[in-house]
Structure formats: C-alpha cells, structure tokens
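Given next are the chains, with one letter for each unit.
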Amino acid sequence: MTNTTKIATLAGDGEFTAYRATPAGTPKAAIVVIQEIFGVNAGIRRKCDTLAEAGYLAIAPDLFWRLEPGIELDPDIKPEMDRALGLMGQFDQDKGIADIEASFRAVRSELGDDAKVGVVGYCLGGRLAFMTAARTDVDASVGYYGVGIDGLLGEKHAIAHPVLLHVPEEDHFVDKAAQAAMHAGLDDHPKVTIYDYAGEDHGFATEFGERRSDASAKLADERTAKFFAENLG
C-alpha cells in the first residue's frame, strides 16, 4: 500500500510530505529513501515500493520542500537536469539531515522505540546518507554514488553503525582523486564497506532512464538487500 504522509520538522517550524510504501505484513524494520537532486520522482517512489515488497516500511521525504514542494524532475531532459543542479546549489544540507532525522524518528514512534531504521540515498542522497550516519543514531546507511564524501572524511570518527557505499569508477561527478581519498580515509574504518563498479558512471542504479546499467544496478541492489537484512533484521 502506498500513500503520502506528513512529518513535522524537529524545530517545529513546519511540516513536509513523504511518500510512504507499507508492506503487506508487519514491517520488519523501516528505511528512509533519500532522493537525488530530482526530487521524489517515479524512480525514488519505485525504490520505496521495492523495499516494501521486501517487508520494510519505506518513506521518501520531500527534502526540497523549503525551495518548492513536490518537485519531480527527469534527468534525461536537459532543462530539468539543469534545474536540478540549480536546486542542489540552493539546498540547505544541514536542514536536510534534520528532516531525514525527523522522518526516521516519526517512523520509530510508530513502530516502537526499539524498531531499527536504515537510510539509503542516491546522488545527493548518497552524500546525505553518509552525513546521516555520522550525525544521527540511524542503524544502517547505504549511499549510492554520493558526491563530495571525500570532503566529509573529518566526520568519519562519529560513525557508530554500519555504512555501505557504492562507488562507480567512472563517476563524472566524483573524480579518481576523490575516490582514492575515500578509500584512503575509509577502507580501515570498522563500520564502512565500499564497493567499486568498474566502467560505471553516476546514476547507474536508477530505476528508469538512460543512466541505468542493469547488471551493475542489480548487483548493487543485491548487496544493499543483504546489508539491510544483516543490520536491520
């Protein structure tokens, strides 16, 4: 079952919507799906639906709501891609983390304080997943092609729960030097696992569109499913 729910901010200064996909039975855990720069579009909703089919309560908060609620963009359409890049520049990432935390707190209050909650993010969401791991008590975090993680390595000491990162080696937003810095900074971290994908570019695991690379997307998603099964139950 799918619907839209409303979540109050932690600061009490407003509320935002989130797409919600509920499993048929009792949820075994919950997962917050963190959008790309394209908003909560059809691809992100499909990620939620797939997680619900696997038994998780999945929600995708509209993180761009302070800029404009309900944004949905298609990366394969150049004017929409350009608009998405502009929104990225305006987006307050610290407030985004607060909204992600508000989302999983809302889920925990519904499922019980002992319920486990994970996050999975893509692109901008991959970066935010790493930041969420470092700044909150989320139980497990997955980031696909997160941008600028090499600039966040100063926060790695605060990561207390498992993190999985999917890194395409030909990511045109994350160059080889940045990838090398991520490995140098995180390979020995006891909570962090990094998988590299040779020949793949940014967005390879998108649900729809030209960026998808099916074999690698399926491999990454299988690794993510195993990671969540091990860390969320």
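Coordinates for the structure precede this section.
These numbers were taken from a predicted model, which means no experiment stands behind them.

J.: How would you summarise the packing of helix 3 (residues 93-111) against helix 4 (residues 124-135) if you had to cite specific residues and measurements?
T.: Where helix 3 meets helix 4, the axes come as close as 10 Å, and the angle between the chain directions of the two elements is 70°. For the element pair helix 3 / helix 4, the angle class is roughly perpendicular. For the pair helix 3 and helix 4, the sense of crossing is right-handed. Along its contact with helix 3, which presents Q93, D94, I97, I100 and F104, the element helix 4 presents R127, L128, M131, T132 and R135. Considered class by class, the residues forming the contact of helix 3 with helix 4 number five nonpolar, two polar and three charged.

J.: Pulling in residues and values, what's your account of the sheet that holds strand 3 (residues 29-34)?
T.: Pairing is mixed across the open sheet formed by eight strands, whose spatial order is 1-2-4-3-5-6-7-8. Pairing within the sheet leaves two strands with one partner each, and these edge strands are strand 1 (2-8) and strand 8 (192-197). Strand after strand, the sheet turns through a mean of 20° between neighbouring axes, direction not considered. Of the strand pairs in this sheet, strand 5 (residues 117-122) and strand 6 (residues 140-144) are connected by five bridges, and their pairing is parallel. Residue pairing across strands places V120 opposite V142, the latter belonging to strand 6. Lying on the sheet, helix 3 is in contact with strand 1, strand 2 (15-21), strand 3, strand 4 (56-61) and strand 5; it crosses strand 3 at an angle near 160°. Across the sheet, helix 6 (residues 214-232) lies against strand 3, strand 4, strand 5, strand 6, strand 7 (163-168) and strand 8, angled at about 170° from strand 6, the strand it touches most.

J.: Which residues make up the side chain of T224, and what values do they have?
T.: Within the element layout of this structure, T224 appears in helix 6. Reaching out from T224, the side chain makes a polar contact with the side chain of Y144 at a distance of 2.8 Å. T224 has contacts with V142, Y144, L164 and H166, leaving out every residue within four places of it along the chain.

J.: Got a sec to walk through empty space enclosed by the protein? Specific residues and values, please.
T.: Taken as a whole, this structure holds one cavity of 30 Å³ or more when the rule is applied. The volume enclosed by the largest cavity comes to roughly 60 Å³. As for the largest cavity, its lining consists of G143, Y145, G146, I149, L165, H166, V167, P168, D171, V174 and M182. Examining the composition of the lining of the largest cavity, we find that four residues originate from one element, strand 7, more than from any other. Of the residues contributing to the lining of the largest cavity, the split by class is seven nonpolar, three polar and one charged.

J.: Let's hear about the nonpolar core: which residues, and what values?
T.: I100, V120, L128, L165 and F228 are the most contacted members of the largest nonpolar core, which has 74 residues in total. For this core, the leading source of residues is helix 4, giving seven residues. Every residue in contact with I100, bar those within four places of it in the chain, is listed here: V32, I34, L63, V119, L128 and T132.

J.: Describe the layout of surface pockets, listing the residues and the values that go with them.
T.: If you add up the space inside the largest pocket, you get close to 320 Å³. Lining the largest pocket are 15 residues, with T50, L51, D221, T224 and A225 positioned closest to its centre. For the lining of the largest pocket, the secondary-structure elements that each account for two or more residues are helix 1 (42-53), strand 5 and helix 6. At five residues, helix 6 tops the list of elements feeding residues into the lining of the largest pocket. In terms of lining residues, the second largest pocket is bounded by 18 residues, among which N41, G43, P75, T206 and F208 are the most central.

J.: Any chance you could break down helix 2 (residues 78-90) for me, citing the residues and the numbers?
T.: Across its 13 residues, helix 2 extends 19 Å between first and last C-alpha, which sits within 8% of the 18 Å expected from 1.5 Å per residue. Regarding helix 2, the residues found buried are M81, A84 and L87. Each buried residue of helix 2 sits inside an arc of 115° when the element is viewed along its axis, so together they form one side. Facing away from the buried side of helix 2 by more than 90 degrees, the exposed set consists of K78, P79, G89 and Q90.

J.: Please give an account of unusual backbone geometry that cites residues and values.
T.: Residues other than glycine seldom take positive phi values, yet C123 does so here, at roughly 65°. Positionally, C123 belongs in the loop between strand 5 and helix 4. Accessibility expressed as a relative area gives 7% for C123, which makes it buried. The phi dihedral of Y145 is positive, around 40°, even though this residue is not glycine. Position of Y145 relative to the elements: it lies in the loop between strand 6 and strand 7.

Procedures and definitions
- Residues numbered from 1 in each chain as written.
- Predicted model: local features only at pLDDT ≥ 70, side-chain atom pairs only at ≥ 80, totals over all residues.
- Heavy atoms only, no water.
- Axes fitted to C-alpha atoms, helices over the stretch in contact; angles between N-to-C directions.
- Helix = DSSP H or I, 4+ residues; strand = E, 2+ residues; numbered from the N terminus.
- Parallel < 35°, antiparallel > 145°, perpendicular 65-115°, else oblique.
- Left-handed = near helix turned anticlockwise from the far one by under 90°.
- Contact = heavy atoms within 4.5 Å.
- Nonpolar A, V, L, I, M, F, W, Y, C, P; charged D, E, K, R; others polar.
- Pairing = 2+ DSSP bridges.
- Polar contact = N/O pair within 3.5 Å; in protein donor to acceptor, adjacent residues only side chain to side chain.
- 1 Å grid on protein atoms, 1.4 Å probe; cavity = no way out; pocket = protein on both sides within 12 Å on 5 of 7 lines; lining within 4 Å.
- Points joined across faces, edges and corners; volume = space filled by probe spheres on them.
- Core = buried A, V, L, I, M, F, W, Y, C linked by side-chain atoms within 4.5 Å.
- Buried < 20%, exposed > 50% of the residue type's maximum accessible area, 1.4 Å probe, protein only.
- Expected span 1.5 Å × (residues − 1).
- Arc of directions from axis to C-beta.

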